[in-house]
Amino acid sequence: MNASDAVTILIPAVGGQGGGVLSEWIVEAAVAAGCRAHGTSIPGVAQRTGSTSYYVEVFADGAGDEPVVSLYPVPGALDVLLAPEFLEVGRAIELGFPSPARTTIIASTHRLYSIHEKIVTGTGTYPREALEAAARAMSRRLVAFDALALAREHRTEANAVLLGALSASGVVPIPPAAFRRAIEAKGVQVAANLKGFDVGYETALRGTPHAPADARTAPADGETSRLAPPSPAAGAVAAEIARFPSALQATLDHALPRLVDYQDAAYAARYLDRLRPFAAPGADLEVARLVARNLAVWMTYEDAIRVADLKTRAGRFARIRREAGGANSHVVVVDYLKPDLDEIYGILPHRLVAPFARWAERRWPHGRPTLGQRVKTTTITGFLRVWLLARLRRLRPLSYRARLEHARMERWLAAVGQAAAWDRGLAIEIARAAGLVKGYGDVRRRLSALVDDLLAQGMRAAALDAAASDFAISTALVRRYHELVLAGPESEAGAAALAAETVRCLTAGDRAAARALLGLSAPAPTAR
């Protein structure tokens, strides 16, 4: 027997996706079906910086000579790429494993974002459309659907769903009954995994993708929604949605429950009051849409109180128990917390800590000390410690952090309002700038300071543009500043320097030099 007699299967999976169990099921099913099989694995670096490669070879003839096996897939000689997450398809294609003449790609289309996607200041997500196009081009057949959403819907696991899809593909010489026997022999969540196998089998046979309402935001089975049930007061606030333009209502449908869950109905009403001037009759709806989205995200910034609230919700522990192997599993949850000084005193009343905060900024201008903690939230003392912190939510409006964040929001809203009175393009760029305010600790302080500078320099340039009734320079400046910040920390100093030099040129009346700095062509001469 040689490699040409084998069906080769590559399973690239990261931690927690059950890739090892999936490969074991395949090997055990092959043996149960009278085939010879072997499996091996090569560990990745860690979680989303590198997947573990599980490789399986199945030989249809269980008798005869001992087969010649391989410990690693051969590029271009792969029969099945079985990917528990869609980006792994792209990784395998980059390494040259699948081929359009031979490989069947079976993949779950959900995404677990990689480190490289997460560290980008802006949107670093790899386009799903590009992944799908590459998968179609580099496969003999593509079977792709959201296995994770199916697993959550049917209270099972995604690897069992993918096993069913593999069986339905007909690529491996193993009957469905042998796969079921392998699941039973493993003895782990047998009923749930058999259900997952059947669901995956039927979905692959139908050839129609499963389309849940929204797999990215739907809560896992056994986990309650992160959003609390609306109170009567929240219902009254939600009724205000109908008074806003239809173009904003989808955003408000998401924003209001989030704001009520974060604080209360009065907080959601405050959000609507801030938004209302931008949604008045005759207002630009694109500007209003950007304000509605960015303001909702900004007003629900994650402070220590919010983190404690999310970590002590019953749904979180139910999900952890389910993932650990069942509702009756005994689990120990240890939360690793590392708040810095700003996050600690930020939840205290502004009047109490403002003098200390000013001293801390002078004492540690480039980063605050941190306090690392390990809290066992499955113990009474550990849980109460975090739970009591979450109960400080009522005091949040008086906190130092709230005073700081809402002052910045007001400056941004005022800048958007003034820009809207001047020029639509400028207003859109100023409204988009709030999307840069994100992150925790030093990252958030750095980005918040950059947004402050962007608003100050952008509005200064706009005021000088107003005298010329031409806002091309200030609009381009704000846009370019935004782009440079999104490019990463190494471009941030350049953004601030560009803004300062542009404003200097405008102040000196040298508009041609300001245009040149921003790469703008000279304006067309006006007809006499």
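Reading the values: the criteria
- Residues numbered from 1 in each chain as written.
- Predicted model: local features only at pLDDT ≥ 70, side-chain atom pairs only at ≥ 80, totals over all residues.
- Heavy atoms only, no water.
- Helix = DSSP H or I, 4+ residues; strand = E, 2+ residues; numbered from the N terminus.
- Buried < 20%, exposed > 50% of the residue type's maximum accessible area, 1.4 Å probe, protein only.
- Contact = heavy atoms within 4.5 Å.
- Polar contact = N/O pair within 3.5 Å; in protein donor to acceptor, adjacent residues only side chain to side chain.
- Pairing = 2+ DSSP bridges.
- Axes fitted to C-alpha atoms, helices over the stretch in contact; angles between N-to-C directions.
- Parallel < 35°, antiparallel > 145°, perpendicular 65-115°, else oblique.
- Left-handed = near helix turned anticlockwise from the far one by under 90°.
- Nonpolar A, V, L, I, M, F, W, Y, C, P; charged D, E, K, R; others polar.
- pLDDT = per-residue confidence, 0-100.
- Core = buried A, V, L, I, M, F, W, Y, C linked by side-chain atoms within 4.5 Å.
- Salt bridge = Lys/Arg side-chain N within 4 Å of Asp/Glu carboxyl O.
- Phe/Tyr/Trp six-rings, centres within 6.5 Å; stacked < 30°, edge-to-face > 60°.
- Lys NZ or Arg CZ within 6 Å of the ring centre and 35° of its normal.

*Asks:* Looking at this model, I keep getting lost on the overall build of the protein chain. Mind explaining?
*Replies:* For the protein chain, the count of helices and strands is 23 helices and eight strands. Residue burial in the protein chain is summarised as follows: out of 528 residues, 45% are buried. In the protein chain, the share of contacts with a sequence separation of at least 24, taken over all contacts with a separation of at least 6, comes to 72%.

*Asks:* For this particular structure, what's the right way to read the environment of Phe-197?
*Replies:* Checked against the element boundaries, Phe-197 lands in helix H8 (residues 190–206). Expressed as a C-alpha distance, the spacing of Phe-197 and Leu-166, which sit 31 residues apart in the sequence, is 9.4 Å.

*Asks:* What exactly am I supposed to notice about the side chain of Arg-515 here?
*Replies:* Among the secondary structure elements, Arg-515 is positioned in helix H23 (residues 511–518). What makes Arg-515 buried here is its relative accessible area of 10%. Dropping the residues within four chain positions of it, Arg-515 is found in contact with Asp-470, Ala-472, Ile-473, Leu-520, Ser-521 and Pro-523.

*Asks:* Help me understand the environment of Gln-249 in this model?
*Replies:* Counting through the fold element by element, Gln-249 comes out in helix H10 (residues 246–262). Spatially, the C-alpha atom of Gln-249 lies 9.5 Å from that of Arg-289, the residues being 40 residues apart in sequence. The contact partners of Gln-249, leaving out residues within four places of it in the chain, are Ile-241, Ala-242 and Phe-244. Polar side-chain contacts of Gln-249 include one of 2.9 Å to the backbone oxygen of Phe-244.

*Asks:* Just to check I follow, could you spell out the pairing of strand S3 (residues 52–59) for this structure?
*Replies:* For a regular strand, side chains alternate in direction, first toward one face of the sheet and then toward the other. Where burial is concerned, most of S3 is hidden: eight out of the eight residues are buried. Alternating positions in S3 separate into two faces, Thr-52, Tyr-54, Val-56 and Val-58 on one and Ser-53, Tyr-55, Glu-57 and Phe-59 on the other, with burial throughout. As paired strands, strand S1 (residues 6–13) and S3 are joined by eight bridges and run antiparallel to one another. Following the sheet pairing, Pro-12 is matched in S3 by Ser-53. Pairing analysis gives seven bridges linking strand S2 (residues 36–42) to S3, with the strands arranged antiparallel. When the sheet's bridge partners are listed, Gly-39 is paired in S3 with Val-56.

*Asks:* How should I be thinking about the sheet that holds strand S5 (residues 104–108) in this particular structure?
*Replies:* Strand pairs in the sheet, formed through backbone hydrogen bonds, run parallel or antiparallel to each other. With mixed pairing, the six strands of this open sheet are ordered in space as S2-S3-S1-S4-S5-S6. Looking at strand neighbours, the two that pair on one side only are S2 and strand S6 (141–145), the edges of this open sheet. With direction set aside, neighbouring strand axes in the sheet form an average angle of 15°. Each of strand S4 (80–83), S5 and S6 is contacted by helix H6 (residues 158–169), which is oriented at about 155° to S5, the strand it contacts most.

*Asks:* Hey, could you run me through the side chain of Asn-159 in this one?
*Replies:* Turning to its location among the elements, Asn-159 is positioned in helix H6. Contact partners of Asn-159, with chain neighbours within four places excluded, come to Gln-17, Gly-18, Val-21, Leu-22 and Trp-25.

*Asks:* Sorry, what's going on with the packing of helix H7 (residues 176–186) against H8 here?
*Replies:* The relative placement of two packed helices comes down to the angle between their axes together with the axis-to-axis distance. For the pair H7 and H8, interaxial distance at closest approach is 9 Å and the crossing angle is 155°. With respect to each other, H7 and H8 are oriented roughly antiparallel. Where H7 crosses over H8, the handedness of that crossing is right-handed. Contacts from Pro-176, Phe-179, Arg-180, Ile-183 and Glu-184 of H7 reach H8 at Val-190, Asn-193, Leu-194, Phe-197, Asp-198 and Tyr-201. The residue inventory of the contact of H7 with H8, partitioned by class, reads seven nonpolar, one polar and three charged.

*Asks:* Can you help me understand the confidence of the model for the protein chain in this one?
*Replies:* Low-confidence regions, as indicated by low pLDDT, have predicted coordinates that should not be scrutinised in detail. Of the residues in the protein chain, 89% have a pLDDT of 70 or more, and the chain-wide mean is 87. Confidence drops under a pLDDT of 50 for residues 209–234, and excluding neighbours within four residues, the segment shows 46 contacts in the predicted structure.

*Asks:* Before we go on, may I ask you to explain the nonpolar core in this structure?
*Replies:* General note: in soluble globular proteins, nonpolar side chains tend to be found buried as a group. With 66 residues, the main nonpolar core has Leu-259, Tyr-271, Val-291, Trp-412, Val-416 and Ile-430 as its most contacted residues. Ranked by the residues each element gives to this core, the list is headed by helix H12 (residues 285–299), at nine residues. Leave out the neighbours within four places in its chain, and Trp-412 touches Val-291, Asn-294, Leu-295, Trp-298, Ile-430, Ala-431, Ala-434 and Leu-455.

*Asks:* What am I meant to see in the pattern of salt bridges here?
*Replies:* A pair can form between side chains of opposite charge whenever their charged atoms are brought close. Under the criterion given, the structure shown has 33 salt bridges. Of the charged contacts in the structure, one is a salt bridge between Arg-313 and Asp-261, with a shortest N-O distance of 3.1 Å. Pair noted here: Arg-313 is in the loop between helix H13 (304–311) and helix H14 (314–324) and Asp-261 is in helix H10, with a separation of 52 residues, a long-range link. The exposure class of Arg-313 is buried, given its relative accessible area of 17%.

*Asks:* Just to check I follow, could you spell out the packing of aromatic side chains for this structure?
*Replies:* A ring pair, where both rings are aromatic, is described by two values, the distance of the centres and the angle of the planes. The full count for this structure, using the stated rule, is twelve aromatic pairs. Arranged with centres 5.6 Å apart and planes meeting at 35°, the rings of Phe-356 and Trp-359 form a pair that is tilted. Taken together, the residues Phe-356 and Trp-359, both in helix H16 (residues 350–363) and three residues apart, mark about one turn of the helix. With a relative accessible area of 35%, Phe-356 lands in the partly exposed category. Summarising the aromatic geometry, the rings of Trp-422 and Phe-471 are spaced 5.7 Å apart at their centres and angled 25° between planes, so their arrangement reads as stacked. Pair noted here: Trp-422 is in helix H18 (residues 400–422) and Phe-471 is in the loop between helix H20 (441–468) and helix H21 (472–486), with a separation of 49 residues, a long-range link. Relative accessible area serves as the criterion here: at 28%, Trp-422 is assigned to the partly exposed category. Judged by its relative accessible area of 11%, Phe-471 is buried. Taken together through their ring pairs, the aromatic side chains of Tyr-345, Phe-356, Trp-359, Trp-364 and Tyr-400 make up a single cluster. Geometry around Phe-317 places Arg-316 over its ring, the cationic atom sitting 5.8 Å from the centre.

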